[in-house]
Amino acid sequence: MERGLIAPLSPHEEVTLRRIALGISKASQLPPRDVAYLIRLCLVAENDGRLSLTGLGRQRYQGLPRPAGSPHVKDSADAIVRSHFRHAGYP
């Protein structure tokens, strides 16, 4: 099993992982220490200044606890949030 799937994440690192997964924050707005740890765990990759989840990172993100509600509601909410932030000029 990959270390990135089981390594503990602090609440702040988990939020950073979620923000990268949803694309709602620019790399410069994320805590560098959290980003460095996520990269070391092979959950996140940096490409031309942009952060994205790796395959392992997507698995970890999908395994994170979700707020109350059905997965369909959560997926719709994610799409709405991503759309809003993209229109506001975020990557």
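Owing to the predicted nature of the structure, the values given are computational and were not obtained by experimental measurement.

(A) Representation of helix α2 (residues 11-22). Taking 1.5 Å of rise per residue, the 12 residues of α2 would be expected to cover 16 Å, and the 16 Å separating its terminal C-alpha atoms lies within 8% of that figure. Within the sequence span of α2, burial applies to E13, T16, L17, I20 and L22.

(B) Spotlight on the confidence of the model for the chain. Confidence in the prediction for the chain averages 85 pLDDT; 85% of positions are at 70 or higher. For the chain, helix α5 (residues 71-87) is the element with the lowest average pLDDT, namely 66, and helix α3 (residues 32-40) is the one with the highest, namely 97.

(C) Quick peek at the pattern of salt bridges. Here the structure, examined in full by the defined rule, presents one salt bridge. The closest approach of N and O atoms between E14 and R18, which form a salt bridge, is 3.0 Å. Of the two residues, E14 and R18 are both situated in helix α2; the distance of four residues between them amounts to about one turn of the helix.

(D) View of the nonpolar core. Core analysis: the biggest nonpolar cluster contains 18 residues, and L17, I20, L38, L43 and V44 have the highest contact counts within it. Secondary-structure elements contributing two or more residues to this core are α2, α3, β2 (50-53) and α4 (55-63). Residue contacts for I20: discarding those within four places in its chain leaves L30, L38, V44, L51, S52 and L53.

(E) Structural detail: the environment of R58. With respect to the helices, strands and loops of the structure, R58 is situated in helix α4. Distance in space between the C-alpha atoms of R58 and L5 is 9.9 Å, their sequence separation being 53 residues.

Cut-offs used in this document
Residues numbered from 1 in each chain as written. Predicted model: local features only at pLDDT ≥ 70, side-chain atom pairs only at ≥ 80, totals over all residues. Heavy atoms only, no water. Helix = DSSP H or I, 4+ residues; strand = E, 2+ residues; numbered from the N terminus. Expected span 1.5 Å × (residues − 1). Buried < 20%, exposed > 50% of the residue type's maximum accessible area, 1.4 Å probe, protein only. pLDDT = per-residue confidence, 0-100. Salt bridge = Lys/Arg side-chain N within 4 Å of Asp/Glu carboxyl O. Core = buried A, V, L, I, M, F, W, Y, C linked by side-chain atoms within 4.5 Å. Contact = heavy atoms within 4.5 Å.

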